[in-house]
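Structural characterization, general
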Amino acid sequence: LPVEGTDYYGRFPSNFMWGLATSAHQIEGAWNASGKSEHIWDRFCHAGKCWKGDTGDVACDSFHKYMVDVQLLKKIGVTHYRFSLAWTRIIPNPLTGEVNQEGLNYYRQLIDELQRNNIIPLVTIFHWDLPQSLEDIGSWANESLIGYYNHYADVVFKAYGDKVKHWITFNEPWVICWMGYGTGEYAPGIKEPATRPYKCAHTIIKSHAEAYHTYNDKYRNTQKGQVGITMNSDFMAPKDPHNKSHIEAATRAQQFNLGWFAHPIFKSGDYPDVMKNYVAKNSPQGTSRLPNFTAQEIARNNGSADFLGLNHYTTSLVEPLRRNDNVHVTGGYIDDQENILSHDPAWPGSGSTWLFVVPWGFRNLLNWIRTEYGNPQVIVTENGVTDNNGTVQDKHRVDYYRAYITEMLKAINEDKCNVTGYTAWSLMDNFEWSNGYHEKFGIHYINFSDPELKRVPKDSAIFFQKLITENGFPDPTQNNAAVCSQK
Ligand code: PNW
């Protein structure tokens, strides 16, 4: 597809969902209040493994300031707010399954406050904050987590399903499994790249499918909502687009990243063939480190989502790894792919080492999803860019959003991709996991040394206000006065 330009104008579909996103551990603080138990990110950062000793103990204090947050959302004019529930507030001891009423009440108050302000919730059930007690019994390598997760999902469907019509079972299983159990950069910090990420993914896919079926069996008829799952994916572009082996390598990388989760849920119930073949051929003979689904599990996985939540930030260039390349091979998920990933030095960077500004990759990825999975409903549940200073004159962020959202508009209006909503990451600067408060994604600035934790709108907040009011980018050379906007 052609390279991007922002000289493209148009409106989004009239019922397009516009929102901002956050997650519980990144904003709430109150890490041990009202019966909440410890989760793996509490443990990880308390052990000093996050940026300069940062922790999520206070974060944006949204546990107490949620009414302030709702007013920020209202001021921007969003139709939707994406936030996550903390398992450890709702079921502090998953092994007994007992529900903590105080924890349940917190999200009930938030949902009610959103409703009073005409903002529709988009709720992530699990955004990385695994109860420590479940980590201690083997985490996602222990398949009993399927049952514990299903109980948790059942509790929240029942408690909030009258008002919550969009559920996201998991946020980014790729990051959970690879960064948590492969590289160990994220909690719980386990470095077993050969086997643990594959086991983790296997249990998470099955947990997702069980929760989806629980919703179907017990709640869908009365609550009439949708259940999806959010996956992160770079666009995997061939380093040399004219070289057949680079094109194959890029497809393989896309399948190992997005396809790992999307193929079982949106295509066949099982992992992509290329992934099965490459893991098997790099495993000891006659075995594979990639687990097998049973026929019954394949049937349960297949078609187990009403929408694909997509978190997209950046693009990678891919070429095949050759035998004599001087690359350190450790054995595991990365080596199994037999690829080398890189970026174009011309791409602008950001406040994060992995995040390069490549707007055209977004349109390409949306089209890859359209053709690979038969044009499923996609809700873009995250997109955004960092800096390390939190400047409110964040022209680079406005430029990023303008360019990426223009590519999404082309994907919808020109390519007919079924994208129904977009929630930007993030409502405000917050606790960026292992990178603490150092990497800032917010459209509101927070000075984390200020005890008031005042939220200050950046220029990008004003950009979103206008974008949502106009529901797109009206052509400045046309008179748009007569065109009705969404709100
Ligand atoms: C996502 N990568 O994480 C998460 O869903 C958010 O909680 C997080 O704040 C946001 O994106 C920004 O990082 C990712 O290395 C972390 O490719 C790392 C990667 C992708 C997504």
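Residues numbered from 1 in each chain as written. Predicted model: local features only at pLDDT ≥ 70, side-chain atom pairs only at ≥ 80, totals over all residues. Heavy atoms only, no water.

Details of the nonpolar core
In this structure, Trp140, Trp167, Ile405 and Met408 are the most contacted members of the largest nonpolar core, which totals 141 residues. Ignoring any residue separated from it by four or fewer positions in sequence, one finds methionine 408 in contact with Phe12, Phe16, Trp18, Phe362, Leu366, Val380, Val419 and Tyr422. (Core = buried A, V, L, I, M, F, W, Y, C linked by side-chain atoms within 4.5 Å. Buried < 20%, exposed > 50% of the residue type's maximum accessible area, 1.4 Å probe, protein only. Contact = heavy atoms within 4.5 Å.)

Comments concerning the environment of glutamate 470
Locating glutamate 470 in the fold gives a position in helix H16 (residues 459-470). Considered as a pair, glutamate 470 and glycine 10 are 460 residues apart in the sequence and their alpha carbons are 9.7 Å apart. (Helix = DSSP H or I, 4+ residues; strand = E, 2+ residues; numbered from the N terminus.)

Points about the environment of serine 207
In this fold, serine 207 is placed in helix H9 (residues 196-223). Residues serine 207 and isoleucine 146, spaced 61 residues apart in sequence, show a C-alpha to C-alpha distance of 4.6 Å. With near-sequence residues (within four places) excluded, serine 207 lies in contact with Trp140, Leu145, Ile146, Tyr149 and Phe170.

Brief notes about the site of the ligand
Neighbouring residues of the ligand: 15 residues in total, closest Gln26, His127, Asn171, Glu382 and Glu432. Contacts to the ligand include glutamate 172, whose side-chain N or O atom sits 3.1 Å from an oxygen atom. Taken by itself the ligand offers 450 Å² of open surface, and the protein chains cover 94% of this. Taken together, the residues that form the shell around the ligand break down as eight nonpolar, four polar and three charged. (Near = heavy atom within 4 Å. Polar contact = N/O pair within 3.5 Å; in protein donor to acceptor, adjacent residues only side chain to side chain. Areas by Shrake-Rupley, 256 points an atom, 1.4 Å probe, with all protein chains shown as cover. Nonpolar A, V, L, I, M, F, W, Y, C, P; charged D, E, K, R; others polar.)

Here we look at the sheet that holds strand S9 (residues 315-320)
What the three strands build is an open sheet, ordered S7-S9-S10; its pairing is mixed. Sheet topology places strand S7 (235-238) and strand S10 (339-342) at the edges, where each strand pairs with a single neighbour. Direction aside, the axes of adjacent strands within the sheet are offset by 40 degrees on average. Relative to S9, S7 runs parallel, the two sharing four bridges. Among the inter-strand pairings, phenylalanine 235 is bridged to a residue of S9, identified as threonine 315. Strands in contact with helix H14 (residues 359-373) are S7 and S9; relative to S7, the strand with the most contacts, it is inclined by about 100 degrees. (Pairing = 2+ DSSP bridges. Axes fitted to C-alpha atoms, helices over the stretch in contact; angles between N-to-C directions.)

What to know about the environment of phenylalanine 12
Among the structural elements, phenylalanine 12 can be located in the loop between strand S1 (10-11) and strand S2 (17-21). Of the residues examined, phenylalanine 12 reaches a relative accessible area of 4% and is grouped as buried. Placed 409 residues apart in sequence, phenylalanine 12 and glycine 421 show a C-alpha to C-alpha distance of 9.5 Å.

Let's talk about unusual backbone geometry
With an omega of 5 degrees, the peptide bond running from alanine 187 to proline 188 counts as cis. Mapping proline 188 onto the fold places it in the loop between helix H8 (173-181) and H9. The step from tryptophan 425 to serine 426 runs through a cis peptide bond, and the omega angle for that step is 20 degrees. Among the secondary structure elements, serine 426 is positioned in the loop between strand S12 (419-425) and strand S13 (444-446). In this model, lysine 52 sits at a positive phi of 45 degrees, which is unusual for a non-glycine residue. Structurally, the position occupied by lysine 52 is in the loop between helix H2 (40-46) and helix H3 (62-76). Taking the relative accessible area as the measure of exposure, lysine 52 reaches 74% and is therefore exposed. Even without being glycine, aspartate 61 reaches a positive phi, approximately 55 degrees. Here aspartate 61 lies in the loop between H2 and H3.

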